[in-house]
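If you want the building blocks of each chain, they are given just below.
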Amino acid sequence: MTIGAHILIVEDSALVVSALRILLEDAGHRVSDAGSVRDALETARRDRPDIMLLDLSLADGDGLSILESLSADGMAPRVTVAVTGRDEPHVIARCKRLGCREILIKPMNAMALPGQIAEWLAND
Amino acid sequence: MTPIRAGYLSVEERLAALEERVNEQTRTVDELRNRDALKTQFLSNVSHDLRTPLTAIVTHAEILRDGILGELTRKQLESICGIISGGRQLIGMVGEILMYARGAAGQLSLAPTEFAIGSVIEQVANQVEPLAVKKGLEISVDVENGLSPLLADREKITHVLSNLLGNAIDFTEPGGRVWVNASHATAIELGAAVLIEVGDSGIGIAPEHHELVFREFAQVDASASRHHHGTGLGLAIARKFVELHDGRIWVESTPGVGSRFYFTVPVRTAR
């Protein structure tokens, strides 16, 4: 499946969410969003996403804790991609250890996302 | 209590007074260090936080530019491209501040891989060539045959080269020349190293400023800095990156004739 995936954007900046939503919906995907750890867990458990774009710093906690909880429940998305402004080696190592497919460092090239998503899903 | 005149202080009393002064100065140094660390942390936090809204600005503008929300007129497109360029310039500056903050906090480390310096020079020259051509500059590259491969942090060496070449283009008037040469260092004091030269026929730098340009927040000429907006951190970061590799960086320049920036990267082999 390369188009029509369900993508969950976990991001507390409404400005970033709205830009990514336009891009990904234009590419034919179904988009949900969550701005907190609690909302993300609730949304992902209710409607399991194919791809989760995961901001690491959220107002109510650590973004990676979402992936940890979902993995523990056997509810992890097919692909999780960390999106973060922090590119310190220990942050990147933790993302990889917890199973993130990619780590996108803000400001990432968002226009390349539709192509990358097709690739991640094709190689899953 | 009757004040005791300094001349009548006993040795013990003088030692005690001296010790108190040393303690006081130690406290001042500690406090300054703490404040400096706080400032560095603040720079780091602000830089990280700026990345999110910058991502939003540039992405929204790119969506408009690419016609995802409908076709734009030529003038609208020009305006949007202006927003994107400004946004990217800001992103670059935020990146530099973050890099500086990391360097100041001693958090920079190397991720060495083996690569040919020629490939990095070619990559950076290709990136800046459109800018040079647009400005009417001639750009040339000369890499000595048989140069040893480097075991170095490719990303950081690329950053140094991009910075030097970007400056060369910025500070050279239309019709001028910029060049990059790479060769084995021949001077004994440089040891076994690859020597990279980035030269230009630009405005040049006065001799008294040759050291100053590598300091943080330095732009030696106020009128030049008005034309070349930046954080003033580029060369300070370049020096930090070169020194992390145990290399050297320096400039030879004559005002009105041009500048030649040199840096070395010691040749090491992977075990």
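Residues numbered from 1 in each chain as written. Chains lettered and ligands numbered in written order. Predicted model: local features only at pLDDT ≥ 70, side-chain atom pairs only at ≥ 80, totals over all residues.

### Focus on the overall build of chain B
Helix and strand counts for chain B stand at six helices and seven strands. The N-to-C order of helical and strand elements in chain B reads α-α-β-α-β-β-α-β-β-α-α-β-β. The C-alpha radius of gyration of chain B comes to 25 Å, more than 25% above the 18 Å expected for a compact globule of 271 residues. Based on the C-alpha atoms only, the size of chain B along its principal axes is roughly 90 × 55 × 45 Å. A total of 271 residues make up chain B; the buried ones form 30% of that total. (Helix = DSSP H or I, 4+ residues; strand = E, 2+ residues; numbered from the N terminus. Rg over C-alpha atoms; globule rule 2.2 N^0.38 Å. Buried ≥ 20, exposed ≤ 12 C-beta atoms within 10 Å, placed from the backbone.)

### Details of the environment of Asp36 of chain B
All names here are of chain B. Structurally, Asp36 can be placed in helix H1 (residues 11-65). Looking at Asp36, the number of C-beta atoms within 10 Å reads 12, which means it is exposed. For the pair Asp36 and Ala104, spaced 68 residues apart in sequence, the C-alpha separation works out to 9.0 Å.

### Things to note about the domain arrangement of chain B
Residue and element names in this part refer to chain B. When its domains are assigned, chain B resolves into domain 1 (11-104) and domain 2 (113-266). Using C-alpha coordinates to define each centre, domain 1 is positioned 24 Å away from domain 2. Each side of the interface is counted separately: domain 1 has six residues, and domain 2 has eight residues. (Domains from an automatic or database assignment. Contact = placed C-beta atoms within 7 Å.)

### So, the sheet that holds strand S1 (residues 6-10) of chain A
Residue and element names in this part refer to chain A. Across the sheet, five strands lie side by side as S2-S1-S3-S6-S7; this open sheet has parallel pairing. Unpaired on one side and paired on the other, strand S2 (30-34) and strand S7 (102-105) mark the two borders of the sheet. Strand after strand, the sheet turns through a mean of 20° between neighbouring axes, direction not considered. As judged from the four bridges shared by S1 and strand S3 (residues 51-55), these two strands associate in the parallel manner. Bridge pairing in S3 links Ile9 to Leu53. Sheet strands touched by helix H1 (residues 14-26): S1, S2 and S3. Its angle to S2, the strand with the most contacts, is close to 165°. (Pairing = 2+ DSSP bridges. Axes fitted to C-alpha atoms, helices over the stretch in contact; angles between N-to-C directions.)

### Observations concerning the environment of His29 of chain A
Along the chain, His29 of chain A turns up in the loop between H1 and S2. When the C-alpha positions of His29 of chain A and Val83 of chain A are compared, they lie 19 Å apart, and in sequence the two are 54 residues distant.

### Structural notes on the interface of chain A and chain B
Counting residues at the interface gives 14 residues for chain A and 15 residues for chain B. The residue makeup of the side of chain A that touches chain B, split by class, is nine nonpolar, two polar and three charged. (Nonpolar A, V, L, I, M, F, W, Y, C, P; charged D, E, K, R; others polar.)

### A word on the sheet that holds strand S7 (residues 258-266) of chain B
Residue and element names in this part refer to chain B. Pairing within the open sheet is mixed, and its five strands lie in the order S2-S4-S5-S7-S6. The outermost strands of the open sheet, each flanked by one partner alone, are strand S2 (138-143) and strand S6 (249-254). In this sheet, adjacent strand axes meet at a mean angle of 10° when their direction is disregarded. Helix H3 (residues 117-134) contacts S2, strand S4 (177-184) and strand S5 (193-200) of the sheet and is inclined by roughly 175° relative to S2.

### Regarding the packing of H1 of chain B against helix H2 (residues 74-104) of chain B
Residue and element names in this part refer to chain B. Across the interface, H1 lies against H2 with an axial gap of 9 Å and an inter-helix angle of 160°. When the axis of H1 is compared with that of H2, the two are roughly antiparallel. Read as a crossing pair, H1 and H2 show a hand that is left-handed. (Parallel < 35°, antiparallel > 145°, perpendicular 65-115°, else oblique. Left-handed = near helix turned anticlockwise from the far one by under 90°.)

### A word on the pairing of S7 of chain A
All names here are of chain A. The pairing of strand S6 (residues 79-84) with S7 spans four bridges and is parallel. Across the sheet, residue Val83 finds its bridge partner in S7, namely Leu104. Considered for its hand, the β-α-β crossover made up of S6, helix H4 (residues 89-97) and S7 is right-handed. (Right-handed = clockwise from strand over helix to strand, strands pointing away.)

### Observations concerning helix H5 (residues 113-122) of chain A
Residues and elements named next belong to chain A. Here H5 has its buried residues at Leu113, Ile117 and Trp120. Angularly, the buried residues of H5 cover 65° about the axis, an arc narrow enough to put them on a single face. Exposed residues on H5 whose side chains face more than 90 degrees from its buried face are Gly115 and Ala122. (Arc of directions from axis to C-beta.)

### Some details on H1 of chain B
In this model H1 of chain B runs 79 Å from its N-terminal to its C-terminal C-alpha over 55 residues, within 8% of the 81 Å that 1.5 Å per residue would give. Backbone geometry just downstream of H1 of chain B places Gly67 of chain B in the positive-phi region, at approximately 75°. (Expected span 1.5 Å × (residues − 1).)

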